[in-house]
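Report on the structure
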Amino acid sequence: MIRGLTIACLLILFSTSIAFSQDQAKPDLNNRGIAKIIEDDVVLAKSFKQGAVNTIAYLNQLEPELKGYASFSFEEKGNTAEKIYNLVRGRFHEESPQPISFTSPKGTIKFEYGLSETDSVWVRLAQYDVNNRLEAYSVYLSPEHLKQLLEQ
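Residues numbered from 1 in each chain as written. Predicted model: local features only at pLDDT ≥ 70, side-chain atom pairs only at ≥ 80, totals over all residues. Heavy atoms only, no water.

Once that is clear, we can look at the sheet that holds strand 6 (residues 107-115). Strand order in the open sheet formed by four strands is 5-6-7-8, and the pairing between neighbours is antiparallel. Every other strand in the sheet has two partners, leaving strand 5 (100-104) and strand 8 (134-137) as the edge strands with one partner each. Here the average twist between neighbouring strands, direction ignored, is 25 degrees. For strand 6 and strand 7 (residues 121-128), the ladder comprises eight bridges, and the chain directions are antiparallel. Bridge pairing in strand 7 places Lys110 opposite Ala126. (Pairing = 2+ DSSP bridges. Helix = DSSP H or I, 4+ residues; strand = E, 2+ residues; numbered from the N terminus. Axes fitted to C-alpha atoms, helices over the stretch in contact; angles between N-to-C directions.)

This is the structure we're talking about:
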């Protein structure tokens with residue numbers, strides 16, 4: 001009886017360890033450069049690169065109580081991230097910077113500029129659907145935040 005119970009326990013332990021080892025996540029070597037902007041233990045925005053695709057995700061301020069994230073991705077072709085960063089950064093010094101827009105089949109991504117209380121220019125990421133209705137937007141990000149998200 002004790003021998004049968006011992007064998008049963010070993011079988012359970014062995015099958016559990018096999019199941020556990022099958023469920024372990026393997027590192028994805030194509031997933032690189034995760035950058036996060038955190039304030040008060042909340043991730044406001046993050047970016048990462050998987051293969052040749054960059055993704056930027058941000059806490060949607062349209063409905064912040066839901067704590068949902070919106071995101072957009074773009075393929076890295078010829079330093080696309082660097083080109084976007086330089087284009088957006090260049091407008092920080094203008095008196096009334098106009099938004100920079102990128103159109104996709106799902107709608108439009110805009111980098112919209114605004115002024116903080118200290119009169120420094122910040123930018124927010126905004127997504128509009130194909131009918132130009134606002135679907136999501138981020139908190140205002142500083143040039144340093146933008147650099148952190150786009151440099152990987």
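Okay, the pattern of salt bridges next. Considering all chains together, one arrives at three salt bridges under this definition. Where Glu94 meets Arg91, a salt bridge forms, and the shortest distance between an N and an O atom there is 3.8 Å. The shortest N-O distance in the salt bridge between Arg124 and Glu112 comes to 2.7 Å. Here Glu112 lies in strand 6 and Arg124 lies in strand 7, a separation of 12 residues in the sequence. The pair formed by Arg124 and Glu112 is uniform in burial state, with each residue classed as buried. (Salt bridge = Lys/Arg side-chain N within 4 Å of Asp/Glu carboxyl O. Buried < 20%, exposed > 50% of the residue type's maximum accessible area, 1.4 Å probe, protein only.)

Right, let's talk about helix 3 (residues 143-150) for a bit. Looking only at helix 3, the buried set comprises Leu146, Leu149 and Leu150. One face of helix 3 carries all of its buried residues, which in axial projection span an arc of 85 degrees. (Arc of directions from axis to C-beta.)

Glancing now at the packing of aromatic side chains. Tallied over the entire structure, the rule returns four aromatic pairs. Judged by centre distance (6.0 Å) and plane angle (85 degrees), the rings of Phe102 and Phe111 are edge-to-face. Among the aromatic residues, those joined into a cluster by ring pairs are Phe72, Phe74, Phe102 and Phe111. Across the ring face of Tyr128, the terminal group of Lys110 is positioned such that the distance to the ring centre comes to 4.7 Å. One residue, Arg124, lies across the ring of Tyr137, its end atom 4.2 Å from the ring centre. (Phe/Tyr/Trp six-rings, centres within 6.5 Å; stacked < 30°, edge-to-face > 60°. Lys NZ or Arg CZ within 6 Å of the ring centre and 35° of its normal.)

Next up on the list: the nonpolar core. If you look at the biggest cluster of nonpolar residues, it comprises 24 residues, and the most contacted ones within it are Phe72, Val88, Phe111, Val123, Leu146 and Leu150. Mapped onto this core, the elements with two or more residues apiece are strand 3 (53-59), strand 4 (69-75), helix 2 (80-90), strand 6, strand 7 and helix 3. Among the elements that make up this core, the one with the highest residue count is helix 2 (four residues). Contacts of Phe72, omitting those with residues within four sequence positions, involve Asn54, Thr55, Ile56, Tyr58, Ile109, Phe111, Leu125 and Gln127. (Core = buried A, V, L, I, M, F, W, Y, C linked by side-chain atoms within 4.5 Å. Contact = heavy atoms within 4.5 Å.)

Okay, the pairing of strand 8 next. The pairing of strand 7 with strand 8 spans three bridges and is classified as antiparallel. Considered in strand 8, the bridge of Gln127 is made with Ala136. With antiparallel pairing between neighbouring strands as the criterion, strand 7 and strand 8 make up a hairpin whose turn holds five residues, including Asn132 at a positive phi of roughly 65 degrees.

Turning next to the packing of helix 2 against helix 3. Contact geometry for helix 2 and helix 3: axes closest at 9 Å, N-to-C directions at 170 degrees. With respect to helix 3, the element helix 2 is oriented roughly antiparallel. Together, Ala81, Ile84, Tyr85 and Val88 of helix 2 and Pro143, Leu146, Lys147 and Leu150 of helix 3 make up the contact between the two elements. Across the contact of helix 2 with helix 3, the residue classes tally to seven nonpolar, no polar and one charged. (Parallel < 35°, antiparallel > 145°, perpendicular 65-115°, else oblique. Nonpolar A, V, L, I, M, F, W, Y, C, P; charged D, E, K, R; others polar.)

Our focus in this paragraph is unusual backbone geometry. It is generally the case that most residues other than glycine have a negative phi and that most peptide bonds are trans. Non-glycine residue Asp40 carries a positive phi angle of around 50 degrees. When you line up the elements, Asp40 lands in the loop between strand 1 (31-39) and strand 2 (42-50). The class of Asp40 is exposed, set by a relative accessible area of 68%. Positive phi values are uncommon outside glycine, yet Asn79 reaches one of about 65 degrees. Position of Asn79 among the secondary structure elements: in the loop between strand 4 and helix 2. What makes Asn79 partly exposed here is its relative accessible area of 46%.

As far as function goes, none of this settles anything; it's purely spatial.
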